[in-house]
Amino acid sequence: MSLPITRRTLLAALPAAWAISTATATPRASSPEEAAMPMDPPPAPLFRDPIYDGAADPTFIWNHQEKQWWILYTQRRDNVDCLGVGWCHGSDIGIASTPDQGRSWRYRGVLEGVTYGRGRNTFWAPEVLWHDGTYHAYVSFVPGVPNDWSGDRYILHYTSANLWDWQFRSKLPLTSD
């Protein structure tokens, strides 16, 4: 028997999902001295988006230029009243950074250049990798701001030299297409 998932049930599950995802994404220290530093457990929640209160689907990446850890996340619009699941859509990719190995986090805005098509669209669940001096972002994309789960979904590839300025590279072919 399947039970309907309400917005309240989904919102109640998000902190547990956040805790599980962050528990497996422990950043490595940038130096032996930092690795030897004792760390207190971070506060819970680790980070709250100050605009929409909806940080979800986080990925952690070391910013080589700024020498600090960043979280890139779905900036889910949790505090926006919408029809159906419209609050899950229309999201950007938010940025938070830590100057102190994760003890505190600061909101930095949204990824610039992560666009596709015209109008307001949905970007979520980023994954970012560092390879040969270039950051590669893979982002889920939904055209528009639908109020249900129907419609097309894509994965888009972007690159950046600094985690701030992104260039679109390709729409990935999926076996479901």
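About the thresholds
- Residues numbered from 1 in each chain as written.
- Predicted model: local features only at pLDDT ≥ 70, side-chain atom pairs only at ≥ 80, totals over all residues.
- Heavy atoms only, no water.
- Salt bridge = Lys/Arg side-chain N within 4 Å of Asp/Glu carboxyl O.
- Helix = DSSP H or I, 4+ residues; strand = E, 2+ residues; numbered from the N terminus.
- Buried < 20%, exposed > 50% of the residue type's maximum accessible area, 1.4 Å probe, protein only.
- Phe/Tyr/Trp six-rings, centres within 6.5 Å; stacked < 30°, edge-to-face > 60°.
- Pairing = 2+ DSSP bridges.
- Axes fitted to C-alpha atoms, helices over the stretch in contact; angles between N-to-C directions.
- Polar contact = N/O pair within 3.5 Å; in protein donor to acceptor, adjacent residues only side chain to side chain.
- Contact = heavy atoms within 4.5 Å.
- Core = buried A, V, L, I, M, F, W, Y, C linked by side-chain atoms within 4.5 Å.

A. Molecular detail of the pattern of salt bridges. Applying the stated criterion across every chain, the model contains four salt bridges. Its salt-bridge partner being Asp92, residue Arg120 comes within 3.2 Å of it at the nearest N-O pair. Of the two residues, Arg120 is situated in the loop between strand S4 (106–110) and strand S5 (122–131) and Asp92 in the loop between strand S2 (68–75) and strand S3 (93–98); the sequence distance between them amounts to 28 residues. For Asp92, a relative accessible area of 21% translates into the label partly exposed.

B. Spatial organisation of unusual backbone geometry. One non-glycine residue with positive phi stands out, namely Gln101, at about 60°. Note on placement: Gln101 falls in the loop between S3 and S4. Take Gln101: its relative accessible area is 17%, and that puts it in the buried class. With a phi close to 75°, Leu163 is a non-glycine residue in the positive phi region. Tracing the chain through its elements places Leu163 in the loop between strand S7 (154–160) and strand S8 (167–171). For Leu163, a relative accessible area of 0% corresponds to the buried category.

C. Spotlight on the packing of aromatic side chains. Scanning all chains against the criterion turns up ten aromatic pairs. When the ring of Phe60 is compared with that of Trp105, the centres are 6.0 Å apart and the planes differ by 70°; the resulting orientation is edge-to-face. Of this pair, Phe60 sits in strand S1 (residues 55–63) while Trp105 sits in the loop between S3 and S4, and the two are 45 residues apart along the sequence. Taken together, the ring pairs connect Tyr116, Phe123, Phe141, Tyr154, Tyr158 and Phe168 into an aromatic cluster.

D. Local environment of the sheet that holds S3. An order of S1-S2-S3-S4 is seen for the four strands of this open sheet, with the pairing classed as antiparallel. The open sheet terminates on both sides in strands that have one partner only, identified here as S1 and S4. The sheet shows a mean angle of 25° between the axes of neighbouring strands, taken without regard to direction. Judged from the four bridges that link them, S3 and S4 form a sheet pairing that is antiparallel. Among the inter-strand pairings, Ser97 is bridged to a residue of S4, identified as Arg106.

E. The arrangement of the side chain of Asn63 in detail. Structurally, the position occupied by Asn63 is in strand S1. Engagement of the side chain of Asn63 in a polar contact is seen with the backbone nitrogen of Gln65, the distance being 2.9 Å. Of the polar contacts made by the side chain of Asn63, one reaches the backbone nitrogen of Glu66; its length is 2.8 Å.

F. Expanded view of the side chain of Arg76. Considering the arrangement of structural elements, one finds Arg76 in the loop between S2 and S3. If sequence neighbours within four positions are ignored, Arg76 has contacts with Tyr52, Gly54, Ala56, Asp57, Trp87, Cys88, Ser91 and Trp124.

G. Seen up close, the nonpolar core. The biggest cluster of nonpolar side chains holds 18 residues, and the ones touching the most others in it are Leu72, Phe123, Val128, Tyr158, Leu163 and Trp166. Those elements giving two or more residues to this core turn out to be S2, S3, S5, strand S6 (134–142) and S7. If one sorts the elements of this core by residue count, S6 sits on top with four residues. Judged by nonpolar contacts, the second largest core, of ten residues, contains Phe60, Trp69, Ala96 and Trp105.

H. Representation of the pairing of S7 within the structure. The buried fraction of S7 amounts to six of the seven residues, a majority that puts the element mostly inside the structure. Pairing of S6 with S7, which is carried by seven bridges, proceeds in the antiparallel orientation. Residue pairing for S7: Tyr138 is matched across the bridge by His157. Linkage of S7 to S8, two consecutive antiparallel strands, is achieved through a turn of six residues, within which Leu163 is found at a positive phi near 75°.

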